[in-house]
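Listed below, chain by chain, are the residues.
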Amino acid sequence: MGAKVVHFEITTNHQPEELQRFYADTFGWNVIAAPMPDAPDMSYGLIDAADAGIGGGIGGTAGGDMPGHVTFYLQVPDPQATLQQIESRGGKILMPPEEIVPGTTIALFQDPHGNMVGLTKGE
């Protein structure tokens, strides 16, 4: 079996709480605040897989310097090794593996056509 899509993310660089309310009200999702100790201005909210089919999050972009985006995250055993494969196939590393909260490591890459996709560590 290939890598599974395990998380989605919708971000904005403008009023993330408003975007969270939009999706919660429109689709009936329960958005639960998730404190981000290293980036308190991100206002990140988590959506349970029971609400949306897979787990997800809606929040601000780090420091507001990245444009809003929609992406999905693939679970892989070794994000760094996967990023090396991606680069060898024409992709670009946007963010190397980083533990954003204890127990959660993510990375971001751009595929050869410019789409941003995330990786998360897992078996």
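Parameters at a glance
- Residues numbered from 1 in each chain as written.
- Predicted model: local features only at pLDDT ≥ 70, side-chain atom pairs only at ≥ 80, totals over all residues.
- Heavy atoms only, no water.
- Helix = DSSP H or I, 4+ residues; strand = E, 2+ residues; numbered from the N terminus.
- Rg over C-alpha atoms; globule rule 2.2 N^0.38 Å.
- Buried < 20%, exposed > 50% of the residue type's maximum accessible area, 1.4 Å probe, protein only.
- Lys, Arg positive; Asp, Glu negative; His and termini not counted.
- Charge placed at Lys NZ, Arg CZ, Asp CG, Glu CD.
- Pairing = 2+ DSSP bridges.
- Axes fitted to C-alpha atoms, helices over the stretch in contact; angles between N-to-C directions.
- Contact = heavy atoms within 4.5 Å.

(A) A look at the overall build of the protein. For the protein, the helix and strand inventory stands at three helices and eight strands. Taking 2.2 N^0.38 as the reference for a compact globule, 123 residues should give roughly 14 Å; the C-alpha atoms of the protein span a radius of gyration of 14 Å, in line with that estimate. Judged by the C-alpha coordinates and their principal axes, the protein covers about 40 × 35 × 30 Å. The buried share of the protein, reckoned over its 123 residues, is 39%. The positive charge centre, built from 5 side chains, and the negative charge centre, built from 15, are 9 Å apart in the protein.

(B) Representation of the sheet that holds strand S5 (residues 70–76) in the model. Spatially, the eight strands line up as an open sheet ordered S2-S3-S4-S1-S5-S8-S7-S6, and their pairing is mixed. Edge positions in the sheet fall to strand S2 (31–33) and strand S6 (92–101), since each of these pairs with one other strand and no more. Strand-to-strand twist in this sheet, taken as the mean axis angle between neighbours without regard to direction, amounts to 25°. Bridging between strand S7 (residues 104–110) and strand S8 (residues 116–121) involves five bridges; their strand directions are antiparallel. Opposite Phe109, over in S8, you have Val117 as the bridge partner. The strands that helix H1 (residues 16–27) touches are strand S1 (4–12), S2, strand S3 (45–47) and strand S4 (55–60); relative to S4, the one it contacts most, it runs at about 145°. Packing of helix H3 (residues 79–88) onto the sheet brings it into contact with S5, S6, S7 and S8, and relative to S6 it is tilted by some 170°.

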